[in-house]
Amino acid sequence: MIRNLFIIPVMMAMALSSCGSSQEELVTQKEIHTNWKFKQADLQEWHKATVPGCVHTDLMDNEVIEDPFYRGNEDSVQWISEKDWIYRTTFEVTAKEKAHQAIELVFKGLDTHATVKLNDKEILKGHNMFRTFTVDVTNMLKEGGNDLEIYFRSPEDYNDEQAAKLPYTLPEDERIHSRKAPYQFGWDWGPRLITSGIWKPVYLKMWHHARINNTFIRTLSIDDDKALLKADVNVEAVAPTQGTVTISSPDGKFTSASQTLSFKNGNNKVTLDFEIPQPKLWWSNGLGEPHLYNVDIKLSTSEGKEVRNERIGVRTIELIQKDDEVGRSFEFHLNGEPVFAKGANFIPLESFPSRLTRADYEGAIRDAVKANYNMLRVWGGGIYEDDVFYDLCDENGILVWQDFMFACAMYPGDEAFLKSVEKEVEDNVVRLRNHASLAIWCGNNEVRNGWFDWGWQKRLGYSREDSLEVWKNYQTIFHEIIPAVLDNQDPSRDYWPSSPSYGWGHEESLTTGDNHYWGVWWGMEPFSMYRKKVSRFMSEFGFQAFPPWETIKSFSLPEDRSLWSDVMQVHQKHPTGNKTIKTYMDRWYPEPKDFESFVYVSQILQAEGMMDGIAAHRRAKPYNMGTLYWQFNDCWPVVSWSSRDYYGNWKALHYYARKVYGQIFVSPFEENGRVKVTLVSDELKSVSGTLKLSLYDFDGNLINQNDHKIELPANSSREVINVAKNEFLKGATPAKSVLKAELEQDGEILASNYLYFALPKDLKLPNANINGSVEKTEKGYAVTVFSEAVARNVQLQIPETEGWWTDNFFELIPGEEKTVVFETEEEITDFEEKLNIRSLVDAF
Ligand code: BMA
């Protein structure tokens, strides 16, 4: 008897596991992406539609409108968001599909005020493009054709209606009533293109018995021997049933953990602890490998199985804020190590995000990595990014600062709105919480700052009661609803209610928390103020530049190509943008000889000015522990603060960012009549080397050279040279001299940089006569250049060709050769004729 009892369960277990591989899938998914048509609600004609997509791109595909990015077309498409739109399809359901115990219709994203009908019956009303909507349609589907219709109400209409219900006006009230991407209503770098449509996948999810709803995997503790992890697996059952949940490693990196239990009808939470032996940690770019573990989460019941795969990183990430003599620190610690955050603010890559592809995201993250970023801030006026974005950040060691989507405005506080916000936050937290790259949740962008500093209450004539109510609604969203969802769904991360902590006019912005310093640009303060306005963490600051000439050509005709033309003004969204660029340019540079030269100089101006700021932040480590400039990218071809344009072309700033964000950064600078050199290291161990300082005149004569043996401590910033300027120059003319500073280790240059001793407009740069040779290489074309005199900001260009220069906007000292590669997949037969080379002196 005893033997039998013992044997039977083992045999059952064998039977279960042997059918494991052939077990049926519990869950099947079927996309509903074909046969879609759309029309303007008050017209008769139906057109073909693309799903996922949006009405603007559909209208373009049907040649109803022209490309809104071209010339001044933006204006001519404004009617679209004043209209209602209807999307419709018919999809087939087979008898086998219909036989599932549960069937859901899932909308990953409806933009925005959507009424959904299935077979003529209303099944959903949605008012939030950031949510996933799931409708139980088990008893509503027919075998054969099913009609699905979505009516999108004009977002402008909806906003007007909601605004009229309030006794006061909320700032930005033409957009804040809709939970919809704020930037689409127009921003100071973005066009006003307010989309409607099915912007994310729509599908049927069909299942038997039970299925996995979602998972939450987190690291509890790490030591050299092992990491302890916990997984919450949320299982939903159609009826009470037995099942097993298993966590395993598909590549044998850890021992599986499993639990068999009885599920009740509805939601069931299963918690499993598991251990990873000798864990390899996840590190951010520059500090080590962003190691990821594959984890399979499997649910099996007598009816079948469902397997989900997650990739997780073993790491700890904390925001450390400590009171000190000046204020309070703001620094991220990754696996216990303080990390200097280097990167920029990420806005949506597109005005029409539904047309983004994986390749678009790959290109963007690749360029962040190439410029030595380790952090991107997903800014609160855009969208919660696609899963692909976070996957790529995980794989590439890019930490993510994630804002919730609230920016530069106050928000309503009615029950329906708050409920919608709560659901949105929950959907996105659950979707993103397993990503190793996700470092922090942040409530909003500049909402608190705006309330206290931008004069809204006065301008909008608020009574005391109005102000109390609007502020109370703020508190409810950012200090009650969001923290409560995070407590429940992601207690593993820090929450920062609003960025910045104080507006840049406040003393505290320099001593406590994070800062958006806009004295340069908005305040017209000189770039040199960047050195004075160093805070604990710079989460925004920036300066505009024109996009590359080829990008300007893409949206303009020759007659549009001047600073004040109508078309160029359409592609400049800041109220005084071009004037501001010109004012700053006049301070530093002579008048460029033509518009194309102006465009080039605007990029140099941006790069040099921002370099001043970023270098100051880097030198101020550890007082300052992060610098995220405004802004990484663009959503259309425009003049903006970006360092990488809409087409992925690098402005000069992106090349400069790569240098200043290097693991080792050499920073020569002039201050109070003294020449100083600071060395910054982000390495976690000390670095030794030789600092080589070479002073040249513009003909390339070496005036002075000296070497200094350096021992640079781990994760530090050290001033290593501090000499009176006169003494340093040894009688050389400041306007005709340049210092090259290099850190050398065993014959290898770890980092280098240059310092000029006069403003660009006072420099006596001679004609450089840059020459070169070209060689075809595996990846493209290698160009070796040399010059007869010092050449500043050398730019190489191949017009009308897609490709990327491995370096650009660099300095050339006579007697030195520099080889850069134009990486391209194109065959360029007349490369040498096409190659344009210029340097700063050629612009005037
Ligand atoms: C910042 C951002 C954006 C804006 C940028 C430039 O404060 O948060 O609102 O685009 O300034 O003005």
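Owing to the predicted nature of the structure, the values given are computational and were not obtained by experimental measurement.

Examining the sheet that holds strand β2 (residues 37-40)
Here is step 1: Taken in spatial order, the 6 strands of this open sheet run β3-β2-β4-β10-β7-β8, and their pairing is antiparallel. Edge strands, defined here as strands with exactly one partner in the open sheet, are β3 (47-48) and β8 (121-127).
Here is step 2: Pairing geometry for strand β7 (residues 113-118) and strand β10 (residues 144-152), over 5 bridges, is antiparallel. Bridged to Ala114 within β10 is Phe152.

Focus: the site of the ligand
Here is step 1: Around the ligand, the surrounding shell consists of Trp187, Asp188, Trp189, Trp379, Cys408, Asn445, Glu446, Trp518, Trp522, Glu540, Trp630 and Trp641.
Here is step 2: With respect to the ligand, the side chain of Asn445 contributes an N or O atom lying 2.9 Å from an oxygen atom.
Here is step 3: Take Glu540: an N or O atom from its side chain is 2.6 Å from an oxygen atom of the ligand.
Here is step 4: Taking 300 Å² as the accessible area of the ligand by itself, protein coverage stands at 96%.
Here is step 5: The residue makeup of the shell around the ligand, split by class, is 8 nonpolar, 1 polar and 3 charged.
Here is step 6: Summarising the domain contributions, the shell around the ligand has at least three residues from each of domain 2 (32-205) and domain 3 (317-660).

Structural notes on unusual backbone geometry
Here is step 1: Looking along the chain, the bond that leaves Val51 and enters Pro52 is cis, with omega of -5°.
Here is step 2: Looking along the chain, the bond that leaves Lys621 and enters Pro622 is cis, with omega of 5°.
Here is step 3: By the element assignment, Pro622 lies in the loop between α15 (595-619) and β32 (626-629).
Here is step 4: Located in the positive-phi region is Gln278, a residue other than glycine, with phi close to 35°.
Here is step 5: Turning to its location among the elements, Gln278 is positioned in the loop between β19 (266-277) and β20 (293-301).
Here is step 6: For Gln278, a relative accessible area of 57% puts it in the exposed group.
Here is step 7: Even without being glycine, Asn769 reaches a positive phi, approximately 45°.
Here is step 8: Turning to its location among the elements, Asn769 is positioned in the loop between β39 (748-756) and β40 (771-776).
Here is step 9: Residue classification places Asn769 among the partly exposed positions, given a relative accessible area of 45%.

Focus on the pattern of salt bridges
Here is step 1: Following the criterion strictly, the structure yields 51 salt bridges and no others.
Here is step 2: Between Glu161 and Arg153 there is a salt bridge; the shortest N-O distance is 3.2 Å.
Here is step 3: The shortest N-O distance in the salt bridge between Asp403 and Arg377 comes to 2.7 Å. One end of the pair, Asp403, is in strand β27 (residues 399-403); the other, Arg377, is in strand β26 (residues 375-378), with 26 residues separating them in the sequence.

Remarks on the environment of Lys419
Here is step 1: On the secondary structure map, Lys419 appears in helix α7 (residues 415-432).
Here is step 2: Lys419 sits in the partly exposed class, given a relative accessible area of 45%.
Here is step 3: Along the backbone, Lys419 and Leu141 are 278 residues apart, and their C-alpha atoms lie at a distance of 29 Å.

Quick word on the domain arrangement of the protein chain
Here is step 1: Segmentation of the protein chain into domains returns domain 1 (2-22 + 209-302), domain 2 (32-205), domain 3 (317-660), domain 4 (664-762) and domain 5 (771-843).
Here is step 2: A C-alpha centroid distance of 55 Å is found between domain 1 and domain 4.

Examining the packing of aromatic side chains
Here is step 1: This model, assessed by the stated rule, comprises 68 aromatic pairs.
Here is step 2: Centre to centre, the rings of Trp379 and Trp630 are 5.3 Å apart; their planes meet at 70°, and the pair counts as edge-to-face. One end of the pair, Trp379, is in the loop between β26 and α6 (387-396); the other, Trp630, is in the loop between β32 and α16 (652-660), with 251 residues separating them in the sequence.
Here is step 3: Seen from their ring centres, Trp650 and Tyr655 are 4.7 Å apart, and the 55° between their planes marks the pair as tilted.
Here is step 4: Through successive ring pairs, a cluster of aromatic residues spans Trp504, Tyr517, Trp518, Trp521, Phe527, Tyr530, Phe541, Phe543, Tyr584, Trp588, Tyr589 and Trp641.
Here is step 5: The ring of Trp46 has Lys37 lying over it, and the distance from NZ or CZ to the ring centre is 5.9 Å.
Here is step 6: Across from the ring centre of Trp199, 4.6 Å away, lies the NZ or CZ of Lys200, which sits over that ring.

Considerations on the side chain of Glu811
Here is step 1: Positionally, Glu811 belongs in strand β44 (residues 810-812).
Here is step 2: Of the polar contacts made by the side chain of Glu811, one reaches the side chain of Tyr756; its length is 2.4 Å.
Here is step 3: At a separation of 3.4 Å, a polar atom in the side chain of Glu811 contacts the main-chain amide nitrogen of Asn793.
Here is step 4: Beyond its immediate chain neighbours, meaning those up to four positions away, Glu811 contacts Tyr754, Tyr756, Ala791, Arg792 and Asn793.

Considerations on helix α5 (residues 358-370)
Here is step 1: For α5, with 13 residues, the first-to-last C-alpha span of 18 Å sits near the 18 Å given by 1.5 Å per residue.
Here is step 2: Three or more residues of α5 are buried, namely Tyr361, Gly363, Ala364, Ile365, Asp367 and Ala368.
Here is step 3: Tucked into the core, α5 has its buried residues touching β25 (341-346), β26, α6 and α16.
Here is step 4: Of the residues trailing α5, Asn372 is marked for its positive phi of about 65°.

With respect to the sheet that holds strand β35 (residues 687-697)
Here is step 1: Spatially, the 4 strands line up as an open sheet ordered β36-β35-β38-β39, and their pairing is antiparallel. Either end of the sheet is taken by a strand with one partner, and the two such strands are β36 (702-712) and β39. Strand-to-strand twist in this sheet, taken as the mean axis angle between neighbours without regard to direction, amounts to 15°.
Here is step 2: As paired elements, strand β38 (residues 737-745) and β39 share 8 bridges and run antiparallel to each other. Looking at β39, one finds that Val738 is bridged to Tyr756.

Topic: the side chain of Ser351
Here is step 1: For Ser351, the position within the fold is in the loop between β25 and α5.
Here is step 2: You can call Ser351 buried: its relative accessible area is 2%.
Here is step 3: Ignoring anything within four residues of it in the chain, the contact list for Ser351 reads Phe69, Tyr183, Gln184, Pro191, Leu193, Thr195, Cys635 and Trp636.

A look at the environment of Val675
Here is step 1: Here Val675 shows up in strand β34 (residues 674-681).
Here is step 2: In the structure, Val675 is positioned 49 residues away from Ala724 in sequence and 6.1 Å away in space, judged by C-alpha atoms.
Here is step 3: Look past the residues within four positions of Val675 in its chain and what remains in contact with it is Phe669, Glu670, Ile721, Asn722, Val723, Lys725, Phe728, Leu755 and Phe757.

Here's the deal with the packing of α5 against α6
Axis angle and axis distance: for two packed helices, these are the angle between their axes and the distance between the axes, and together they describe the pair.
Here is step 1: α6 packs onto α5 with a crossing angle of 35° between their chain directions and a minimal axis gap of 10 Å. Crossing handedness for the pair α5 and α6: right-handed. Contacts from Arg358, Tyr361, Glu362, Ile365 and Val369 in α5 reach Val388, Phe389, Leu392, Cys393 and Asn396 in α6.
Here is step 2: Here the residues of the contact of α5 with α6 are counted per class, giving 7 nonpolar, 1 polar and 2 charged.

Procedures and definitions
- Residues numbered from 1 in each chain as written.
- Predicted model: local features only at pLDDT ≥ 70, side-chain atom pairs only at ≥ 80, totals over all residues.
- Heavy atoms only, no water.
- Pairing = 2+ DSSP bridges.
- Helix = DSSP H or I, 4+ residues; strand = E, 2+ residues; numbered from the N terminus.
- Near = heavy atom within 4 Å.
- Polar contact = N/O pair within 3.5 Å; in protein donor to acceptor, adjacent residues only side chain to side chain.
- Areas by Shrake-Rupley, 256 points an atom, 1.4 Å probe, with all protein chains shown as cover.
- Nonpolar A, V, L, I, M, F, W, Y, C, P; charged D, E, K, R; others polar.
- Domains from an automatic or database assignment.
- Buried < 20%, exposed > 50% of the residue type's maximum accessible area, 1.4 Å probe, protein only.
- Salt bridge = Lys/Arg side-chain N within 4 Å of Asp/Glu carboxyl O.
- Phe/Tyr/Trp six-rings, centres within 6.5 Å; stacked < 30°, edge-to-face > 60°.
- Lys NZ or Arg CZ within 6 Å of the ring centre and 35° of its normal.
- Contact = heavy atoms within 4.5 Å.
- Expected span 1.5 Å × (residues − 1).
- Axes fitted to C-alpha atoms, helices over the stretch in contact; angles between N-to-C directions.
- Left-handed = near helix turned anticlockwise from the far one by under 90°.

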